[in-house]
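# Structural overview
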Amino acid sequence: CNSMWPAEPKGDWCCQPWCYVSDECELSDVTPSLLNDQFGGADFSLSYAACDFGVPEAETAYDDDTCPFEVDLTANPCACLHVTYSDEILESYGMPRDYGHYCAAWDDGDGTRHSLGTNTQCHTLWPDLAVGDWCCQAWCYVDASCPDALPAWANDESDVPLYYSYSAACDAEAGPGLNVETEYSDATCPWGDCECVGDGNAYPPTVTAEIGFAANYGTYCAAWEDGNCGARNDETGMHECGAERKECDEMWWKNDNTAKLASGDWCCQAWCFVSPACPLPDITNSSFNDNSTKLVYSYSACERADTPVKFDDECPYTPDHDDRPGGYQCACLDQTFRAADLTSIGFPTTYGRSCEAWEDGICNTTRIDGHQCGTYTDCNSMWPAEPKGDWCCQPWCYVSDECELSDVTPSLLNDQFGGADFSLSYAACDFGVPEAETAYDDDTCPFEVDLTANPCACLHVTYSDEILESYGMPRDYGHYCAAWDDGDGTRHSLGTNTQCHTLWPDLAVGDWCCQAWCYVDASCPDALPAWANDESDVPLYYSYSAACDAEAGPGLNVETEYSDATCPWGDCECVGDGNAYPPTVTAEIGFAANYGTYCAAWEDGNCGARNDETGMHECGAERKECDEMWWKNDNTAKLASGDWCCQAWCFVSPACPLPDITNSSFNDNSTKLVYSYSACERADTPVKFDDECPYTPDHDDRPGGYQCACLDQTFRAADLTSIGFPTTYGRSCEAWEDGICNTTRIDGHQCGTYTDCNSMWPA
């Protein structure tokens, strides 16, 4: 009753039998079904009285006294009513259809102890409220008579008003059995981490003294840069200030110990430091973090708390800093792309907001020189397709379109993120204050590639994200020495297409799949043109040995996951050492002694000495063509001829990862061979009949004629496997249910999980 009818008041009716009856039934309780309108104007009516007779089928598990869905408000006026708002209201807010039905912390964002809707997080469920420990406390909808009942949130949208209760309904003291376990305590609730932190001093006094800010800067909600200085007053927004640095420009532009930020509306907005565990989406790393202090700040934490500020309407701070390069028009905007967009590409959410060498890989290691990093931390990982150089180590920021410095350039991210329009400048950060200094100069920048010392050095470039994504390759594919095609992600990243045979569908797989390589300059002695140069504006070249062998230079030895001996793709080369089967086997079936040991169309009748240029191969003395080998042969399965007779194949190792490997029908307990057509198709093996295979089902001497040839087809492998049947079930003449599973060369056949008539067809 609770889950089927969440919005209906519960009672004894939940435990009484009923059924749908004809419209001609004249019992007094005949009622239209509540589902009629929901399902296209259907017209069903139900009756309880129709089931009120004394036969066992109409008996129920409960009587009126024991029905568990009847809420006894006399015993407990704060009992959960197991009601909620209509599905329509709940869906419009992204809440689950049993929201508030029983005692649970419905707003904690965790679905372990209650259901979730499409909107799962406390800050998105309640965008106008300050989040906190209450998000993790249990509550339910109760009767209005409950002592601490409060009107619920959507009563103005609902025909039936609801009321909710935390402690009276859900605390242990409320009654027997009502203690509620929640996923989080007040101490561990992540939304409690969105309250201001700092215990009076967010930073040690030495830090705030060094930068000239108030000792308790950021420890409570205030517009710390608005100049509204004095004793803390939470009603007027007044806050403490530093002795000399009180207003936005003094704090963030005319201060050698802080980043150079253009003033703006942010100067008048309230914020505070919060825990890094706070789930609010706008939390940002403080620019003064060092190895011992890790603070983040949030504006929305204070906006939700409705913090008063001095300048509610128009913020007086404008960019009038004429002493910077290019004047105030070239001030760093302190703006960037949307946080979600930057995070989606592994960039920091503060990227480009202030003068920093954003690509140098120096991530928040000191208060002043470090900067925030994303998942990708340096020039190589952030810009895999761009040629590297000194620019990776130079500071820059986003500037206004009005900036007239000569190097102002549109951001490469503009097109990627919905036609945004940010421009950046390095010259805007070319001033003599510590913030514009970087960890490297032009001589020490580690991203400059020295081709004089090593013409085969990895260039740390690759194709564009668009090209790589279309082939399912990782965005740093070929950036450094790695066996990029080995299918194993231990020593390099992987894309969505991970396997050598799917990455390279037109190539014969082999040991090369497990060998290390990278993109190099065209001047490298063994450089070869790369695979997508016809799709790219910039051609690339790759190298295996010269770039990645130990002999190529100091420090270039590359460990790969597989050696040539262990490479699984090497197992896709033809196997057999001259004889795939013992001579007694091939003699018994009348096939060539080395049948299947190299790539050839073994059933096409193109017989003679092996010739890999014409596709000629050895044959048996009497059995040379498809029909003779597979229909007119008492020692082989009866297979209908067809195109497969003209296709090249060979035996490969069972460890070969190609998807079409198939067990040989002649395996016995001592010989386990599998074969593959795609292994030879990839090797571009020549065959006699390239266009039209002459083998057609014209075997008139079989029962029923050629129309009754075995199809060599069956149901989808996945479907057969799902019911425990072999994937070759029914493809050839076999007693598939006899339980004789590949135990002899001739009589056996492939089996699945279920092996015989009893287990395959139990009914």
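Below, the structure is looked at part by part.

What counts and how
- Residues numbered from 1 in each chain as written.
- Predicted model: local features only at pLDDT ≥ 70, side-chain atom pairs only at ≥ 80, totals over all residues.
- Heavy atoms only, no water.
- Helix = DSSP H or I, 4+ residues; strand = E, 2+ residues; numbered from the N terminus.
- Buried < 20%, exposed > 50% of the residue type's maximum accessible area, 1.4 Å probe, protein only.
- Contact = heavy atoms within 4.5 Å.
- Disulfide = S-S within 2.5 Å.
- Patch = residues over 30% accessible without salt bridge, like charges linked within 9 Å, V, L, I, M, F, W, Y side chains within 5 Å.
- Areas by Shrake-Rupley, 256 points an atom, 1.4 Å probe, with all protein chains shown as cover.
- Salt bridge = Lys/Arg side-chain N within 4 Å of Asp/Glu carboxyl O.

### Concerning the overall build of the protein chain
- Secondary structure assignment for the protein chain yields 16 helices and 18 strands.
- Counting the 763 residues in the protein chain, one finds 45% classified as buried.
- When contacts within the protein chain are restricted to residue pairs at least 6 apart in sequence, those whose partners lie at least 24 apart make up 60%.

### A word on the state of the cysteines
- Here the structure, examined in full by the defined rule, presents 31 disulfides.
- The side chain of Cys229 participates in a disulfide bridge whose partner is Cys241; the two sulfur atoms lie 1.9 Å from each other. Negative torsions about the S-S bond denote left-handed disulfides, and the value of about -85° found for Cys229 with Cys241 makes this one left-handed. Here Cys229 is found in the loop between helix 4 (205-211) and helix 5 (248-252), whereas its partner Cys241 is found in the loop between helix 4 and helix 5, with 12 residues between them in sequence.
- Left without a disulfide partner, Cys51 is nearest to the cysteine sulfur of Cys19, which lies 3.9 Å away.
- Overall, Cys51 belongs to the buried group, its relative accessible area being 12%.

### As for unusual backbone geometry
- Positive phi, close to 55°, is recorded for His82, a residue that is not glycine.
- Mapping His82 onto the fold places it in the loop between strand 3 (45-47) and helix 1 (87-92).
- In this model, His460 sits at a positive phi of 55°, which is unusual for a non-glycine residue.
- As for its position among the elements, His460 is in the loop between strand 12 (423-425) and helix 9 (465-470).
- Taking relative accessible area as the criterion, His460 reaches 25% and is therefore assigned partly exposed.

### Some words on a nonpolar patch on the surface
- Residues Trp18, Tyr20 and Phe44 make up a contiguous nonpolar surface patch of about 320 Å² in total accessible area.
- Among the structural elements, Tyr20 can be located in strand 1 (residues 19-21).

### Comments concerning the pattern of salt bridges
- This model, assessed by the stated rule, comprises eight salt bridges.
- One salt bridge in this structure joins Asp341 and Arg338, with 2.9 Å as the shortest N-O distance.
- Judged by relative accessible area, Arg338 falls into the exposed class, the value being 60%.
- As a salt-bridge pair, Asp612 and Arg610 come within 3.0 Å of each other at their nearest N and O atoms.
- By relative accessible area, Arg610 is classed as partly exposed at 43%.

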